[in-house]
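# An overview of the molecular structure
Residue strings, one per chain:
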Amino acid sequence: MGGGFVASQDARDGKVSNGAADLVRARTQLLDGGLPRNPRLDAESLRLALVDLYELWLTSKGAELGITADSGLAVVAVGGLGRKEMLPYSDLDLVLLHDDVDPARVAEVADQLWYPLWDAHIKLDHSVRTVPQALRVASDDLIAALGMLEARHIVGDVELSNLLIGGVRREWRTGIRSRFDELIEQAEARWQRSGEIAHRAEPDLKNGRGGLRDIQLLDALAIAQLTDAMPGLGPDVPGGGLEQAHRRLLDVRTELHRVAGRARDQLRAQDADEIGGALRIGDRFDLARTLSDSARTVSYSVDVGLRTAANALPRRGLARLRRMPVRRPLDEGVVEHAGEVVLARDARPQRDPGLILRVAAASAQTGLPMSATTLNRLSEDAPELREPWPKDALNDLLVLLGTGRGVVDSIEALDRTGLWGRLLPEWGAVRDLPPRDAMHTWTVDRHLMETVAYSSALSTRVARPDMLLLGALLHDIGKGRAGDHSVVGAELATHIGRRLGLWPSDVRTLSAIVRNHLLLPDTATRRDLADPDTVQFVVDALGGDVQLLELLHTLAEADSLATGPGVWGDWKASLIGELVRRCRLVMAGGQLPTPEPIAPELLAKAAAGGVHVDLRPGEGKYIYTVTVIAPDTPGLLSDAAGVLALHSLRVLSAALGGEGASAVNTFVVSPKFGDPPDAGLLRQELIRAIAGDLDLPALLAKREREATGVGPSLYAQAQPRLIWSNTSVPGQVILELRAEDRIGLLSRLAAALSGCGAEVRWAKVVTMGSAVVDAFCLDLGAEDGPGRREAIEKAIMGVVPRPAPKPPEGVGPPGSSTDS
């Protein structure tokens, strides 16, 4: 075959023969599968055959032109041929190197090498340089430097090629610190132009986020010795990891070239079925799912690679004198180190199955990424959670789901490393599942995460934010399976709810949310709302459950917002709102909260007087019950809750009451770190607080600064909500607060109420993940009125977390939550 490639040319006369015609014919035969005894080549075999074909032509042509080992000339390939990833219609990127060779001779060789390729209509990107010239170009041009990092010797003086290859890589390693910011800026600009492959109907396989350029970016970081080009993703990673993702993207792009008959990077919708069939993947939906999985694996790997590289960059100047990053505690067994969430030194993943969720929750709350090493260690060592889940594991899941946008990146990292599928095996059916209509922006699994994020911003609209978040997580879990996804999903939700350790009544609620998540939007937009039968149909479907109606109303908005632009608007909101209003009129109203009964033994101890603090193990490994009995004086609730917060005891629920002159307050708490303090110590601290010897507000503020690393954590996902209800007792009202938690919130609330002169008769406090639903029975006496209530509301709003101020119109991250 080499004889057929011989070309003759008189460059001085400009006469060019078609010396590369046989190269083109051979390439065509490879593409058509027309070679003797050789069927149609698969994508990978085709790339390798094209590499061999081009190398054969170049080595033959080089020998003909005198490009030999001692000629002072060498041909070096970059781009696809340099990477040995030659696609059917990719450009041929070549560099002709020379070393003190007569310029006329160099020009003659270059003409005789390039012209046959041009005349054969082979796209050629070429240059003629000495090694110093090439190194200067690489030093000045980042894109050129990245290309030369892939350089590979083809023919001629191998020592000359090695000088270039070694020199470029050496200068890349030594200069990476000054070029790293530009490298990131270039990548981000490319992602902005080309979008995410995983969520584009017609993705750019080369330049999009998660594409082949990102693989090359990882290779460049590896050459700089800043990261591993193929970071490990754990033993259970879906899709086979980064190497498999790379191969799949190359295969799809190879077939795209073959189908299009020319170079193309963007996958067109009309070609997807043919490409999916050629690769034996399936139809266009199967191909989209494969691409989503591959691109998300690449994206995650690039995120890890860039973080690892940034931490590995050598420090200079004063930065070298700075102290090593401190390890700031975040949760039991979880710390922050060097801008990442990592395991504490004494963490034992083998004995702590809930550690996965605590790490993820800490990451979502702080916005810090989880260390790849930590995730790999968890995937290798962490055991399965027993069923039903311990209460602390369920609470950590709710904390994770309630973090707003932070939940998306945290669960994505868990999923790419196989950990999320271990926690929720049913996720596999919706992972990377493409939407079936154009309204949906995201894959089904990403849509679920988006719905959770939007639900977090709406959580104070409902009395059960935990059920809202779990319903958002699972509402489409039945997709990807045979049958009505709402019906199938309801059955799966029942199994999942039992696994999570929910109460039977909550399992039924969760299942009903999933089964009926389309009930309100479908009914409101397709039936006559003025028809009483329409309203009765919804009431009957929900069994007259007002709380379920409330949950579905809020979920309908979050689901629509997470679907895509324009799906939720004033028209749809007004229709669903009117349907809900009419249903409420038919349904019975909800009952007001009532005080919890006090155990007889506690009543007897209260009657005896004095200050008593009792601490006993609760229903979970990290759950305890603290009972405080003390003289019922103003500020006692604030003092007791403040002392618990100072000792890193998070209040999960509380029942606050009294008997005679004594208050009886029972707190269910969970230590943030380690074991709880001794009950005697808590009693001593409480006595000091009652006596005024502890400045609780200042100490809580200090504790909050230490925990968050910044000032008071007053920003929240959802707008806090206050609901007033009258009771049958004149002057007594019930104030329900729905808000997000913060360190010492109950103590601050009690102090705010006390400062307003509002006497707390009893209270019921519940914390669900990062959300609180607190009901206070207040005795306002004859002073009850709009002015008094407004003052109380102002005091409470001064201590609860609130959403950050909205940026000016047009400013802010895409997809940010709307107002609640």
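Described below are features of the structure shown in this document. (Residues numbered from 1 in each chain as written. Predicted model: local features only at pLDDT ≥ 70, side-chain atom pairs only at ≥ 80, totals over all residues. Heavy atoms only, no water.)

## A word on the packing of aromatic side chains
One pair of aromatic rings is described through two measures. These are the centre distance and the angle between the planes. By the definition in use, this model includes 2 aromatic pairs. Taken together, a centroid distance of 5.1 Å and an interplanar angle of 85° make the contact between Tyr-115 and Trp-118 edge-to-face. In this pair, Tyr-115 and Trp-118 both sit in helix H4 (residues 103–119), 3 residues apart, roughly one turn of the helix. Classification of Trp-118 by relative accessible area gives partly exposed; the value is 34%. Between Trp-420 and Trp-427, the aromatic rings sit 5.8 Å apart at their centres with planes inclined by 85°, giving edge-to-face as the arrangement. A single burial state applies to Trp-420 and to Trp-427, both of which are buried. The ring of Trp-191 is capped by Arg-209, whose NZ or CZ atom sits 4.0 Å from the centre of that ring. Of note, Arg-436 hangs over the ring of Phe-285, and the distance from its end group to the ring centre comes to 3.8 Å. (Phe/Tyr/Trp six-rings, centres within 6.5 Å; stacked < 30°, edge-to-face > 60°. Helix = DSSP H or I, 4+ residues; strand = E, 2+ residues; numbered from the N terminus. Buried < 20%, exposed > 50% of the residue type's maximum accessible area, 1.4 Å probe, protein only. Lys NZ or Arg CZ within 6 Å of the ring centre and 35° of its normal.)

## A short note on helix H11 (residues 284–312)
In an α-helix there are 3.6 residues to a turn, and that puts residues three or four apart on one side. Given a rise of 1.5 Å per residue, 29 residues ought to cover 42 Å, and the 41 Å separating the end C-alpha atoms of H11 matches this to within 8%. Measuring from the side-chain oxygen of the N-cap residue of H11 to the backbone nitrogen of Phe-285 gives 3.0 Å; that N-cap residue is Asp-283. (Expected span 1.5 Å × (residues − 1). Polar contact = N/O pair within 3.5 Å; in protein donor to acceptor, adjacent residues only side chain to side chain.)

## What about the pairing of strand E11 (residues 624–631)?
The buried count for E11 comes to 6 of 8 residues, which makes it a mostly enclosed element. Taken together, the 6 bridges between strand E10 (residues 612–617) and E11 define a ladder with antiparallel strand orientation. Across the sheet, the residue bridging to Leu-615 is Val-626, located in E11. If you look at the hairpin formed by E10 and E11, you'll find 6 residues sitting between the two strands. (Pairing = 2+ DSSP bridges.)

## Considerations on the pattern of salt bridges
Counted by the stated rule, this structure contains 52 salt bridges. Here Arg-296 makes a salt bridge to Glu-412, at a shortest N to O gap of 2.8 Å. You can see Arg-296 sitting in helix H11 and its partner Glu-412 sitting in helix H15 (residues 406–416), a full 116 residues away along the chain. The burial state of Arg-296 is the same as that of Glu-412; both residues are buried. Two residues, Glu-578 and Arg-582, come together in a salt bridge whose shortest N-O distance is 2.7 Å. Taken together, the positions of Glu-578 and Arg-582, both in helix H24 (residues 570–586) and 4 residues apart, correspond to about one turn of that helix. Under the relative-accessibility criterion, Arg-582 is labelled partly exposed at 29%. Bridged by salt links that share partners, the residues Arg-248, Asp-293, Arg-296, Glu-412, Asp-415, Arg-416, Arg-431, Asp-432 and Asp-445 form one connected network. (Salt bridge = Lys/Arg side-chain N within 4 Å of Asp/Glu carboxyl O.)

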